Each structure stands twice: as C-alpha cells, then as structure tokens.
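Chain residues, written in single-letter form:
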Amino acid sequence: MASNKKIIVGNWKMNLNVQEASLYLHRLSKIIEIRRDVEVILAPTTLTLQSLSLQVNGRQFKLAAQNFYWRDHGSYTGEVSATQLRGIVQYGLVGHSERRHIFNESDKDIRNKVEAAVRNNIRPILCVGETAWERANGETYDVLHDQLVGGLANITSDELSRVMIAYEPVWAVGTGQNALPTYVSAAVSAIRNQIEQLYGKIAADSIQVLYGGSVTAHSAADYLALPGIDGLLIGGASLNADSFGEIVRKAHRGSLIVERK
Ligand code: PEP
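In this text, all values refer to a predicted model and were calculated from it rather than measured experimentally.

> Summarise the packing of aromatic side chains; cite the residues concerned and give the values.
Evaluation of the coordinates by the stated rule reveals six aromatic pairs. Here Trp-12 and Tyr-24 contribute two aromatic rings whose centre-to-centre distance is 5.1 Å and whose plane-to-plane angle is 65°, an arrangement assigned as edge-to-face. You can see Trp-12 sitting in the loop between β1 (6-11) and α1 (18-31) and its partner Tyr-24 sitting in helix α1, a full twelve residues away along the chain. Tyr-24 matches Trp-12 in its accessibility class, with the two residues each being buried. Here the aromatic rings of Tyr-69 and Tyr-76 are separated by 5.1 Å at their centres, their planes lie at 45°, and the arrangement is tilted. The side chain of Arg-99 reaches across the aromatic face of Phe-103, ending 4.2 Å from its centre. When the ring centre of Trp-171 is taken as origin, the NZ or CZ atom of Arg-135, which lies over that ring, is 4.0 Å away.

> Give a detailed account of the nonpolar core, specifying residues and quantitative values.
The biggest cluster of nonpolar side chains holds 67 residues, and the ones touching the most others in it are Ile-8, Ile-195, Tyr-211, Leu-232 and Phe-244. Ranked by residue count, the leading element in this core is helix α9 (residues 181-199), at six residues. Residues contacting Leu-232, with those up to four places away along its chain left out, are Ile-7, Ile-8, Val-9, Leu-210, Tyr-211, Val-215, Ala-220, Tyr-223, Leu-224 and Ile-247. Grouped together as the second largest cluster of nonpolar side chains are 13 residues, Val-9, Leu-93, Cys-127 and Ala-166 included.

Cut-offs used in this document
- Residues numbered from 1 in each chain as written.
- Predicted model: local features only at pLDDT ≥ 70, side-chain atom pairs only at ≥ 80, totals over all residues.
- Heavy atoms only, no water.
- Phe/Tyr/Trp six-rings, centres within 6.5 Å; stacked < 30°, edge-to-face > 60°.
- Helix = DSSP H or I, 4+ residues; strand = E, 2+ residues; numbered from the N terminus.
- Buried < 20%, exposed > 50% of the residue type's maximum accessible area, 1.4 Å probe, protein only.
- Lys NZ or Arg CZ within 6 Å of the ring centre and 35° of its normal.
- Core = buried A, V, L, I, M, F, W, Y, C linked by side-chain atoms within 4.5 Å.
- Contact = heavy atoms within 4.5 Å.

Here it is as structure tokens:
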C-alpha cells in the first residue's frame, strides 16, 4: 500500500513567464522545508524548465515537464521531446485531463509518451480519470480500466516501478468541486486492482498513486490520510506560495499524525 513518503506535485499549467517562475521558485524555496518524508515536484511551463533546473536545489524540489512529444528527434515543428528534457526534469506528466480533452490526446499518444519518458529516464506520472458525463453514466471504473490498460500497454513489469499514477476525476480538476474521500478511495482501489491484474500484487501494492482535483490547503489532509494515496497533484493552489507551502507541511508525517487524531 501507500509508502511512507508523500509526494506533492505542483502543476503551474500555462502560468508564469521565465522571470515570474524564477521569483516564485525563490519564494517557495524560503517557505518549503526539505523533509525526507515529502518529495515536492514542480511542473512549470516547458519554457522555464531549463532556467529553473539551474536555479533549483534538487534536494528541495524535483522538476516535471507538463507535456512532451513521444518521438525523440525529427521533423516535428513546435514539439519538445523527452530526449531533450532528459537531465532537466526527473518527471513528466502524461495524459493530464487538459491534454486528453482540450488537445484530444488518445490512449495511443499517451502510451507512446509513457514509453518515451521511461526510455529517456524520466518518470511518467500517468493521469487518469472520468468526466462528469462518464461518472453520471456509471462508467468511472470502465474509464479507469481503459486508460490504465491503454496508457501502460508498452510498459513491462520492470519498467512499471518507474511509473506513477495520478487519479484526477476530470469534473474535479480546476472546478472547485471536491470529490468525497470515500469516492476517491474506491477509485484508487480500482486502480490498484487493475494494476494487480496487469502486473501482479507486488506491483499493485508498491505503485505510487496520487490524487488531484481542486485540492486546497484546507482539504489536503483529508486526502493525504486515505490509505492507498501516496500524494497529491495540485493545480490552482500550487500557484499560491502560502497555500502550496501549507499543503506540503500537511504531507509531513508529523502533521498527518496530528491531523488524524
Ligand atoms: C491539475 O492541474 O492537475 C489539478 C488537479 O488542478 P486543480 O488543483 O486546479 O484542480
């Protein structure tokens, strides 16, 4: 089940230019303490990754790409590959709901990106989750099944240890709608069951699963306390240093024990 280490990912989406991102990283570095039991991953826009990689203290923050193309090189105008990001980021988001639904990324695109990330020594964070319509029609678990099977199709058992999953119900991402912790728990169990079917029990127990969907400093502890949740993927609230710092503090083991009492 969930490991002792909690993971907090901040997805800055298409916000902050190079200078703003640098100032914001500087501010976060003053607020967020280095803790062995919390890993903080920042996902700024691609444009800022190179300069932030030179500024960042790698013990304090890891970097993630929000997106990349799955081919390594070639005539793909406007794209950036995982090969080019290698050495700059440690993680890459893949299949974020905004990529799936605004940019029409298919499970085939997504599985190629998961594979490209692993090939380039970048840990993919595969995002899965149902839309409001799919939820209303009782299709949540079918969607999770299809997105996991589709997204992981090129990944071997050995490679799976490099992959992280983020459960992000689309209706909760950027909407301010909170999923009930019981609902999240059931979906995360379904995800682990699916991983067990594909890769076996050890893989299902050890894969890291995050939750994301309008999580704030106020709601973070409730989700972090759920069995089977290894951390959080934070969008909106990661753009406010105080809120993000508060979420990271809540992920620290000592705070979790206090909050659970
Ligand atoms: C996200 O961007 O993955 C996300 C969960 O956003 P928000 O926290 O704003 O819902």
